[in-house]
Amino acid sequence: MVENVISIMDLRKFYLVGDFVVRALDGINLTIKRGAFTAIMGPSGSGKSTLMNMIGCLDSPTSGLVSIDGEVINAMDEAELADVRNRKVGFIFQQFNLLPKLNALDNVMTPLLYSHNGMSGKERKERAEYLLEKVGLKDRMRHRPSELSGGQKQRVAIARALVNNPAILLADEPTGALDSRTGDQIMSLFMDLNEEGRTIVFVTHDRTLGMKCRSQVYIRDGKIVDKDVEREY
Amino acid sequence: MLKENIKLALFSMSANKMRTLLSLLGIMIGVASVVAIMTLGQSATDSINESLEIGGINMITVMPMGSARELQIFDETFGNTLMRDVSGIDSVLPSASMSANLRNGQETIRSTVNGVYSSYFDVNNLELQDGEFFNALDNINRRQVVVLGSSLAEDLFPAGSAVGQYISIFRQQSKRYLVVGVLSERSETLGNSYDNACFIPYNTYNQRLRHITMPSSYSIMVSDDANAVTVADDVEASLFKMLGDDDYYLVYSPATLVEMSNEIMSTFTLFLSCIAGISLLVGGIGIMNIMLVSVVERTREIGIRKALGASPRTIQGQFLVESITITIFGGIIGIVIGLTLSYFTADYAGWNISISYSAILFALAFSTLVGVFFGWYPALKAASLDPIESLSYE
Ligand SMILES: Nc1ncnc2c1ncn2[C@@H]1O[C@H](COP(=O)(O)OP(=O)(O)O)[C@@H](O)[C@H]1O
Ligand SMILES: [Mg+2]
């Protein structure tokens, strides 16, 4: 097992907007150890989501090196990236991003359909049921997203992110669309998961939430400005 | 995976029922017309051929058209002349016919009396419902025996069995004939009605009824190893050579007509199938259109699926399965409509329906192909969407 689940070296991501080069990420160096619970904090537009997309293999860098659980993703084609995404990464989004036509159970099962792990339909269902029970939605399995509250939707999304037993959970402002009480519940669910040994990268611009994580990384204008120490910004 | 994809396809089809139905209309109409055309074409050909073949596909009839003085070739030597000239002929049987009154007791009926050789019955595939045919000896001895057509027998003998009874045939004077057999009922072949006719030996006819100066027709039996269509052509050529004018004879060959009807039908079917094929093509474009709309509408879904680890190929597969599911669904509806349509049309026309399984198979294969062909581009488009952009698509 690799000790560093995420290793990033001199990562850059530039966008060309008209005549301008937007330096969304501009020389990021970062390692995240197995079992970490890291908050990535910074003002809006600082490059947090772009960094998440890089770690989550949704996008490929302009330059630099990204390695996820021992796999260097730079030279991978789309199909290989999809496979890494499927096996190593569990995404949790601000807007939940559940498939609206599927019920909670089918939503949680979806990533299993894309992994070539030879699970039978029955095993997939059992795995999804187990995780929905774990996030406290045992009695909501047959509900569609439209029939669930925001907090419940995010729990389904967390169960879905966990279903393939990924190396990292990537949460991009997971409480951003929730009221503060529900947000706190979701936060404590993340804390429980980390207690169990799950590696979590948690993007937020909310300082109090960020401080609940075990370590913090601050970024600004695509650069890491500080680690682990709180700063005013 | 395939199961899930089909489930998803059915999901999105049922979520937009009206739209799905409208986009399927082209495929449905196309498939329905292909199936109906091919089935009806087959049914029509089959029933035409069946009625042609009833008189025997290996039989050719030659009818002289004119007076005995003009057409001197049609004498006793004609059969031998023809057989020498044309190969593939087993026998040439002359027959004569005339109108006469037939009577049994109070019943008098006008009918066609045919003077025929005993093998005439066999050559023309005629069957008996009662009694037996007269034989060669009856002919040589010019016996006064008669075989009756089925409805003629019924008219003359309303009370019961005709066989063994006597009837009178009038021609200047009345002569008594023993009924030896009654034919089975037989649906009419072009021009020939057997049910209302009666048959006596050729020599009896010649001797006792009317002297035959020229037979009214010849039944030509084609050898088993010869092609009836070729023989018919050769017979025509030979007659033309002998008479120099095709107004003087008529050659009736069921085999030639069957071949012609098959040719006409297959040309016709091909032509209509082309039109139906065009409507399938238009239907396919409709499918492509709806799939493109669907891809745009489901951009976000595609983004989510990609984030969860779906590879481009997987996404392409999902959308291909969807378009194929839609087109096969349309194809099945089309087949049902086409068969229903054929059933009622065939029923109305009085044909036996011959379901064209090749048409059904063809229609299914074609709908699948349309699904693949017209779903390919939309599916490729879905597969190549950028995951991040798709995720933020509203
Ligand atoms: N597809 C893109 N094209 C152009 N600029 C982009 C694109 N994505 C992000 N950016 C820019 O990169 C910077 C970082 O964005 P982002 O990572 O979304 O910030 P954050 O998530 O911290 O708010 C912003 O200036 C944003 O406008
Ligand atoms: Mg962001």
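Note that the structure is predicted; figures quoted are calculated from it, not measured.

A few points about the domain arrangement of chain B
Phase 1: Domain boundaries in chain B define domain 1 (2–51 + 259–391) and domain 2 (94–216).
Phase 2: Averaged C-alpha coordinates put domain 1 of chain B and domain 2 of chain B at centres separated by 60 Å.

Some points on the site of ligand 1
Residue and element names in this part refer to chain A.
Phase 1: Lining the immediate surroundings of ligand 1 are Tyr15, Val17, Val22, Ala24, Pro43, Ser44, Gly45, Ser46, Gly47, Lys48, Ser49 and Thr50.
Phase 2: Between ligand 1 and Ser46 there is a distance of 3.3 Å, counted from an oxygen atom to a backbone nitrogen or oxygen.
Phase 3: Relative to its free-state accessible area of 560 Å², ligand 1 is covered by the protein chains to the extent of 61%.
Phase 4: Elements represented by at least two residues in the shell around ligand 1 include exactly β1 (4–17), β2 (20–33) and α1 (48–55).
Phase 5: By residue class, the composition of the shell around ligand 1 is five nonpolar, six polar and one charged.

Focus on helix α8 (residues 228–243) of chain B
All names here are of chain B.
Phase 1: The terminal C-alpha atoms of α8 lie 22 Å apart, and with 16 residues this matches the ideal 22 Å at 1.5 Å per residue to within 8%.
Phase 2: Those residues of α8 lying buried are Ala228, Val229, Val231, Ala232, Val235, Ser238, Leu239 and Leu243.
Phase 3: In the core, the buried residues of α8 are packed alongside β1 (59–64), α3 (78–85), β2 (89–104), β9 (217–222), β10 (249–252) and α9 (254–297).
Phase 4: Backbone nitrogen of Val229 and a side-chain oxygen of the N-cap are separated by 2.7 Å at the start of α8; the cap is Asn227.
Phase 5: One or two steps after α8, the chain reaches Gly244, where phi turns positive at roughly 75 degrees.

Considerations on the side chain of Ser261 of chain B
Phase 1: Of note, Ser261 of chain B is situated in helix α9.
Phase 2: Excluding its chain neighbours within four sequence positions, the residues that come into contact with Ser261 of chain B are Thr45, Ile48 and Asn49 of chain B.

Quick look at the sheet that holds strand β3 (residues 37–41) of chain A
Residues and elements named next belong to chain A.
Phase 1: On the basis of which strands lie adjacent, the open sheet formed by six strands has the order β6-β7-β8-β3-β9-β10 and mixed pairing. Each of the sheet's edge strands pairs with one partner strand only, and the pair in question is β6 (89–92) and β10 (223–227). The sheet shows a mean angle of 20 degrees between the axes of neighbouring strands, taken without regard to direction.
Phase 2: As defined by bridge partners, strand β9 (residues 215–220) adjoins β10 across four bridges and the pair is classed as antiparallel. Bridged to Arg220 within β10 is Lys223.
Phase 3: Across the face of the sheet, helix α6 (residues 180–195) comes into contact with β3, β6, β7 (168–172) and β8 (199–204) while running at roughly 155 degrees to β8.

Structural notes on the confidence of the model for chain B
Residues and elements named next belong to chain B.
Phase 1: Looking at chain B, pLDDT values average 87 and 98% of them are 70 or higher.
Phase 2: Of all the helices and strands in chain B, helix α1 (residues 2–15) carries the lowest mean pLDDT, 80, while helix α10 (residues 299–307) carries the highest, 95.
Phase 3: Across the predicted assembly, pTM comes out at 0.74 and ipTM at 0.94.

Observations regarding the sheet that holds β2 of chain A
Each strand in a sheet pairs with another by means of backbone hydrogen bonds, the pair being arranged parallel or else antiparallel.
Residue and element names in this part refer to chain A.
Phase 1: Overall, antiparallel pairing links the four strands, which are arranged β2-β1-β4-β5 in an open sheet. Only two strands of the sheet have a single partner each, and these edge strands are β2 and β5 (71–72).
Phase 2: Bridge analysis of β1 against strand β4 (residues 63–68) gives five bridges, and the strand direction is antiparallel. Across the sheet, Ile6 pairs through a bridge with Ile68, a residue of β4.

Cut-offs and rules
- Residues numbered from 1 in each chain as written.
- Chains lettered and ligands numbered in written order.
- Predicted model: local features only at pLDDT ≥ 70, side-chain atom pairs only at ≥ 80, totals over all residues.
- Heavy atoms only, no water.
- Domains from an automatic or database assignment.
- Near = heavy atom within 4 Å.
- Polar contact = N/O pair within 3.5 Å; in protein donor to acceptor, adjacent residues only side chain to side chain.
- Areas by Shrake-Rupley, 256 points an atom, 1.4 Å probe, with all protein chains shown as cover.
- Helix = DSSP H or I, 4+ residues; strand = E, 2+ residues; numbered from the N terminus.
- Nonpolar A, V, L, I, M, F, W, Y, C, P; charged D, E, K, R; others polar.
- Expected span 1.5 Å × (residues − 1).
- Buried < 20%, exposed > 50% of the residue type's maximum accessible area, 1.4 Å probe, protein only.
- Contact = heavy atoms within 4.5 Å.
- Pairing = 2+ DSSP bridges.
- Axes fitted to C-alpha atoms, helices over the stretch in contact; angles between N-to-C directions.
- pLDDT = per-residue confidence, 0-100.

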